[in-house]
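# Fold and geometry: a report
Here's the letter readout for the chains.
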There are 2 protein chains.
Amino acid sequence: MKISMAHGAGGEIMQSLISDIILSNIKNKNVNGGIGLGELDDGATIPFGEYEIVISTDSHTVDPIFFPGGDIGKLSITGTVNDVSVMGAKPLAIANAMVISEGFTSEEFEKIIKSMGEACTEADVALVTGDTKVMEKDKLDKIVISTTGIGIAKKGEVTSDASLEVGNKIILTGSVGDHGIALMSYREGFGFETDLKSDVAPVWEMIEKALEIGGVNAMKDPTRGGIANALNELASKSGVGMMVYEDKIPVKEQVIAASEMLGIDPYEVANEGKVVMGVEADKAEEILEAIRSTKYGKDAQIIGEVTDDKHVIIETSLGGKRILEAPIADPVPRVC
Amino acid sequence: MKISMAHGAGGEIMQSLISDIILSNIKNKNVNGGIGLGELDDGATIPFGEYEIVISTDSHTVDPIFFPGGDIGKLSITGTVNDVSVMGAKPLAIANAMVISEGFTSEEFEKIIKSMGEACTEADVALVTGDTKVMEKDKLDKIVISTTGIGIAKKGEVTSDASLEVGNKIILTGSVGDHGIALMSYREGFGFETDLKSDVAPVWEMIEKALEIGGVNAMKDPTRGGIANALNELASKSGVGMMVYEDKIPVKEQVIAASEMLGIDPYEVANEGKVVMGVEADKAEEILEAIRSTKYGKDAQIIGEVTDDKHVIIETSLGGKRILEAPIADPVPRVC
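Residue numbers restart at each chain and count upward from 1, following the sequence in its written direction. Note on labels: chains are lettered from A, ligands numbered from 1, in written order. Reporting in this predicted model follows two pLDDT cut-offs: at least 70 for local features of residues, and 80 or more for side-chain atom pairs to be given and counted; totals over whole chains, interfaces and linings ignore these cut-offs and use all residues. Derived side-chain values reflect all non-hydrogen atoms in the structure, with water molecules and hydrogen atoms excluded from consideration.

## Re the packing of aromatic side chains
Any two rings among Phe, Tyr and Trp, with Trp reduced to its six-membered ring, count as a pair given centres within 6.5 Å; such a pair is stacked if its planes are under 30 degrees apart, edge-to-face if over 60, and tilted if neither. In this structure the tally under the stated criterion is three aromatic pairs over all chains. Seen from their ring centres, Tyr51(A) and Phe48(B) are 4.9 Å apart, and the 75° between their planes marks the pair as edge-to-face. Linking Tyr51(A) in strand E2 (residues 51-60) with Phe48(B) in strand E1 (residues 44-48), this pair reaches from one chain into another. Members of the aromatic cluster, each reached through a chain of ring pairs, are Phe48(A), Tyr51(A), Phe48(B) and Tyr51(B). Only lysine NZ and arginine CZ atoms are considered, and such an atom sits over a ring when it is within 6 Å of the ring centre and within 35 degrees of the ring normal. Stacked on the ring of Phe66(A), the Lys or Arg Lys111(A) has its end atom at 4.2 Å from the ring centre. Strands here are runs of E lasting at least two residues and helices are runs of H or I lasting at least four, both read from the DSSP assignment and numbered beginning at the N terminus.

Right, here's the structure in full:
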């Protein structure tokens with residue numbers, strides 16, 4: 001078998017590559033009984049005294065490397081701190097390994113590093129260590145940035161993505177599709193005509209406010225595969241279903257317009273500054289208000305609830321119901 | 001300026017890229033006063049109660065991906081656990097981010113993953129989390145693997161690479177040049193005629209034995225740029241000099257023969273299973289014996305001592321003295 005673009009696109013095809021080849025060949029998958037590779041969560045944990053160290057890693061290959069609303073530098077830092085954040089841990093530090101193509105200009109490189117520095121400052125994390133490699137120009141296009149985030153949570157406060165309970169409310173912290181559709185519009189050459197931008201932003205402030213209130217059972221950031229993938233993963237890992245209401249899901253007008261032009265479902269594309277959380281019903285309104293008080297959470301909505309069904313069902317604006325399937329792969333390649 | 005292969009080759013040119021562009025644009029470089037980006041050590045530390053979390057990251061681009069004695073999978077795990085080890089911390093966990101070229105075969109991919117699994121088992125670390133991306137085949141050759149290692153040390157037991165003291169003895173745990181010369185010989189097509197192999201191996205057992213005895217002031221694994229780079233970095237960071245004796249430095253006969261044919265100095269090429277340590281003189285013999293009792297430390301030697309000079313001086317077998325300079329770059333590209 002040859003590996004295809006879909007194997008890296010965050011959907012079912014990728015899941016099967018991971019289970020078939022990776023999980024079966026790695027014996028040691030966790031430390032001290034923490035969350036490990038087998039859980040396929042957004043990151044891992046190392047329980048340690050009264051605390052848990054939280055780790056998450058991502059290679060960033062986004063194309064183009066500069067796009068409306070951000071660049072590969074900002075995305076690398078933000079994407080990784082967000083993966084630590086949705087585990088319920090405050091991100092503290094980033095390790096940064098870069099592979100640069102021979103002939104890449106130092107001006108573009110510096111622009112990316114500046115952007116990483118700014119993203120670290122905004123997310124209040126330190127870039128503590130790194131590595132730099134160079135590959136021949138016919139062997140690598142531009143740059144690959146692999147970032148690993150480290151955070152610390154008190155024991156018992158780590159939020160897995162497998163702990164939804166029937167009756168939980170589902171909160172979505174803002175509009176969907178912005179990153180994937182902005183990227184695709186820009187690639188297709190009509191990005192300049194709209195003000196459509198990637199939503200790349202750190203999510204910790206929203207999560208911190210929610211955790212202060214309590215009752216947050218499970219979280220995920222809907223990146224590759226969009227909310228269609230995130231909602232299905234949360235539901236299937238927790239062994240529950242969901243009912244979500246289409247008219248509650250915030251989608252920007254420009255995203256709807258561009259999606260239609262591109263023939264892409266905004267529910268299936270990556271977001272880079274949003275969180276989906278399952279929260280106890282009696283805390284839902286209070287958490288929603290807290291999230292709405294933050295910089296990136298103004299458009300947060302309660303979009304549905306957890307059911308004892310086995311599917312994620314979506315009720316359309318017209319009252320019809322359909323199953324919201326997990327996508328086979330993100331319809332926009334090289335999105336992060 | 002355009003980035004060249006030398007910018008990723010571990011020598012002085014790389015150091016200047018890092019200082020000029022990276023250090024000047026990143027504001028937050030450490031957490032809680034731990035070792036951070038500014039120290040340019042093998043990794044970073046996050047002080048945390050009675051402990052320090054140790055983190056190190058590397059992107060692996062070795063070419064070819066399968067070579068005598070190992071492959072990119074084994075090298076990724078081992079190289080990263082070794083960087084954690086030389087900070088004085090037992091490696092516990094690895095985060096693994098892979099970027100694969102479209103069209104790469106799943107058979108080769110599985111071979112690499114198996115090798116990573118075996119390397120984790122040997123080094124007694126768990127592979128706890130990961131990420132998989134795919135790039136178009138004209139944009140990436142084969143595979144890039146970025147691994148981040150996490151270890152934990154008791155506070156005060158982290159070993160920096162800047163703490164040599166005048167009078168310390170320098171221990172080298174085995175023969176030099178094996179990895180770089182094996183790789184280059186294989187690339188040049190005469191690798192099959194010798195049994196020259198990469199030395200890629202985990203170094204923790206040797207370090208653990210040395211730390212149990214105490215008196216280890218500074219350590220470094222001589223990868224890119226070889227011992228010429230490692231000895232100079234240790235000396236210049238500690239503000240000291242060294243006197244090392246050429247006839248004490250173990251170099252395999254095949255490495256000498258191949259080096260001469262290739263016109264490459266074995267002191268300047270990467271090793272992947274060796275440690276250079278500066279230890280208190282009165283503990284040196286005991287530490288040496290302890291290292292020699294381990295699987296990978298049988299050929300360990302005391303190769304010299306720390307002086308109050310400003311250079312690393314090498315005394316040749318014939319009694320002449322010369323300055324051992326830090327190389328501008330590793331003479332063998334894409335070595336790790």
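## Topic: the UniProt feature "domain: PurM-like N-terminal" (unreviewed entry) in chain A
UniProt positions are given in the numbering used here, feature names are shortened, and annotations may be inferred rather than shown by experiment. The UniProt feature table records "domain: PurM-like N-terminal" (unreviewed entry) at residues 41-153 of chain A. For residues 41-153 of chain A, the helix share is 28%, the strand share is 46%, and the end-to-end C-alpha distance is 16 Å.

## Notes on the relation of the copies chain A and chain B
In this comparison the copies share one frame, found by least squares on the C-alpha atoms of residues holding pLDDT of at least 70 in both. Between chain A and chain B, the superposition needs a rotation of 180° and an axial shift of 0.0 Å, giving an RMSD of 0.0 Å. Taken together, these values place the two copies in the relation of a two-fold axis. Closest approach to the rotation axis within chain A is made by the C-alpha atom of Leu140(A), at a distance of 2.3 Å. Mapped onto chain B, 100% of the interface residues of chain A are again interface residues, and the two copies thus contact each other with one and the same surface. Working rule for contacts: check all heavy atoms of both residues, and any pair within 4.5 Å makes them a contact.

## Digging into helix H7 (residues 253-262) of chain B
Quick reminder: α-helices carry 3.6 residues per turn. Residues three or four places apart thus point the same way. All names here are of chain B. The set of residues buried in H7 consists of Val 255, Ala 258, Ser 259 and Leu 262. An end-on view of H7 places all buried positions within 105° of arc, on one side of the element. For H7, the exposed residues set more than 90 degrees away from the buried face come down to Glu 253, Glu 260 and Met 261. On the buried face of H7, the contacting elements are helix H4 (178-187). Of the residues one or two after H7, Gly 263 is the one with positive phi, at around 70°. Residue burial is assigned from relative accessible area. The probe radius is 1.4 Å, only protein chains are included, and a residue is buried under 20% of its type maximum, exposed over 50%, and partly exposed in between. By definition, the arc is the one covered by directions from the helix axis to the C-beta atoms.

## Points about the interface of chain A and chain B
Interfaces are often sized by the accessible area lost when the parts come together. Contacts between chain A and chain B engage 80 residues on the former and 81 residues on the latter. Carbon and sulfur atoms make up 66% of the area that chain A and chain B hide from each other, which totals about 7,100 Å². The term salt bridge refers to a side-chain nitrogen of Lys or Arg lying within 4 Å of a carboxyl oxygen of Asp or Glu. Between the two partners, chain A and chain B, sit seven salt bridges. Between Arg334(A) and Glu136(B) there is a salt bridge; the shortest N-O distance is 2.4 Å. Contacts described as polar in this section are N or O atom pairs within 3.5 Å, which, within protein, must combine one atom able to donate a hydrogen with one able to accept it, while residues neighboring in sequence count only if both atoms come from side chains. Inspection of the chain A/chain B interface yields 32 residue pairs in polar contact (both at pLDDT 80 or more). Accessible area that two parts lose when put together, with a 1.4 Å probe and added across both, is what the buried area reports.

## What about the side chain of Asn96(B)?
Mapped onto the secondary structure, Asn96(B) falls in strand E5 (residues 90-101). Apart from the residues within four sequence positions on either side, Asn96(B) is in contact with Thr57(A), Met116(B), Leu127(B), Thr129(B), Gly130(B), Asp131(B), Ile145(B), Ser146(B) and Thr147(B).

## Some words on the sheet that holds strand E9 (residues 216-220) of chain A
Residue and element names in this part refer to chain A. We treat two strands as partners when DSSP finds at least two bridges between them. Pairing is mixed across the open sheet formed by seven strands, whose spatial order is E9-E11-E8-E12-E10-E13-E14. Taken across any chain shown, the strands that pair with only one partner, and hence form the sheet edges, are E9 and strand E14 (321-323). When strand polarity is set aside, the average angle formed by the axes of neighbouring strands in this sheet is 25°. Fitting a line to C-alpha atoms yields each axis, with helices limited to the stretch in contact; the angle taken between N-to-C directions then spans 0 to 180 degrees.

## Quick look at the domain arrangement of chain A
Residues and elements named next belong to chain A. By convention here, the domain bounds are inherited from an automatic or database domain assignment. When cut into domains, chain A gives domain 1 (41-152) and domain 2 (166-321). Here the C-alpha centroids of domain 1 and domain 2 sit 23 Å apart. On the side of domain 2, 24 residues touch domain 1, which itself brings 25 residues to the contact. A buried area of about 1,900 Å², summed over both sides, lies between domain 1 and domain 2, and 62% of it is on carbon and sulfur atoms. Among the residues domain 1 hides against domain 2, the three largest losses belong to Pro 68, Asn 82 and Val 86. Together they make up 27% of the total. Our enumeration of links across domain 1 and domain 2 arrives at two salt bridges. Between Asp 42 and Lys 220 there is a salt bridge, and its shortest N-O distance comes to 3.3 Å. Where domain 1 packs against domain 2, one counts seven residue pairs in polar contact (both at pLDDT 80 or more).

## Notes on the packing of helix H5 (residues 204-213) of chain A against helix H8 (residues 284-292) of chain A
Residues and elements named next belong to chain A. Interaxial distance between H5 and H8 falls to 8 Å at its minimum, and their mutual angle equals 150°. One way to sum up the angle between H5 and H8 is to call them roughly antiparallel. Along this stretch, H5 crosses H8, giving a crossing that reads as right-handed. In contact with Met 206, Lys 209, Ala 210 and Ile 213 of H5, H8 contributes Glu 286, Ile 287, Ala 290 and Ile 291. Of the residues assigned to the contact of H5 with H8, the class counts are six nonpolar, no polar and two charged. By the definition adopted for this analysis, an angle is roughly parallel if under 35 degrees, roughly antiparallel if over 145, roughly perpendicular if from 65 to 115, and oblique otherwise. Crossings are assigned a handedness: left-handed for a near helix turned anticlockwise from the far helix by less than a right angle, right-handed for a clockwise turn. Charged residues are taken to be Asp, Glu, Lys and Arg, nonpolar residues to be Ala, Val, Leu, Ile, Met, Phe, Trp, Tyr, Cys and Pro, and polar residues to be all remaining types, Gly included.

## Let's talk about the sheet that holds strand E13 (residues 312-315) of chain B
Residues and elements named next belong to chain B. Taken in spatial order, the seven strands of this open sheet run E9-E11-E8-E12-E10-E13-E14, and their pairing is mixed. Only two strands of the sheet have a single partner each, and these edge strands are strand E9 (216-220) and strand E14 (321-323). Taking the axes of each pair of neighbouring strands and ignoring which way they run, one obtains an average angle of 25° across the sheet. Note that E13 and E14 share three bridges and pair antiparallel. The partner of Ile 313 across the bridge, within E14, is Ile 323.

## Details of the pattern of salt bridges
Taken as a whole and assessed by the stated rule, the structure comprises 32 salt bridges over all chains. For Asp124(B), the salt bridge identified is with Lys90(B), shortest N-O distance 3.4 Å. Here the residue Asp124(B) occupies a position in the loop between helix H3 (106-123) and strand E6 (126-135), and Lys90(B) occupies one in strand E5, the gap between them amounting to 34 residues. Residue Asp124(B) is classed as partly exposed on the basis of its relative accessible area of 48%. When salt bridges with common partners are traced through the structure, they connect Asp42(A), Asp161(A), Lys220(A), Glu233(A) and Lys237(A) into a single cluster.

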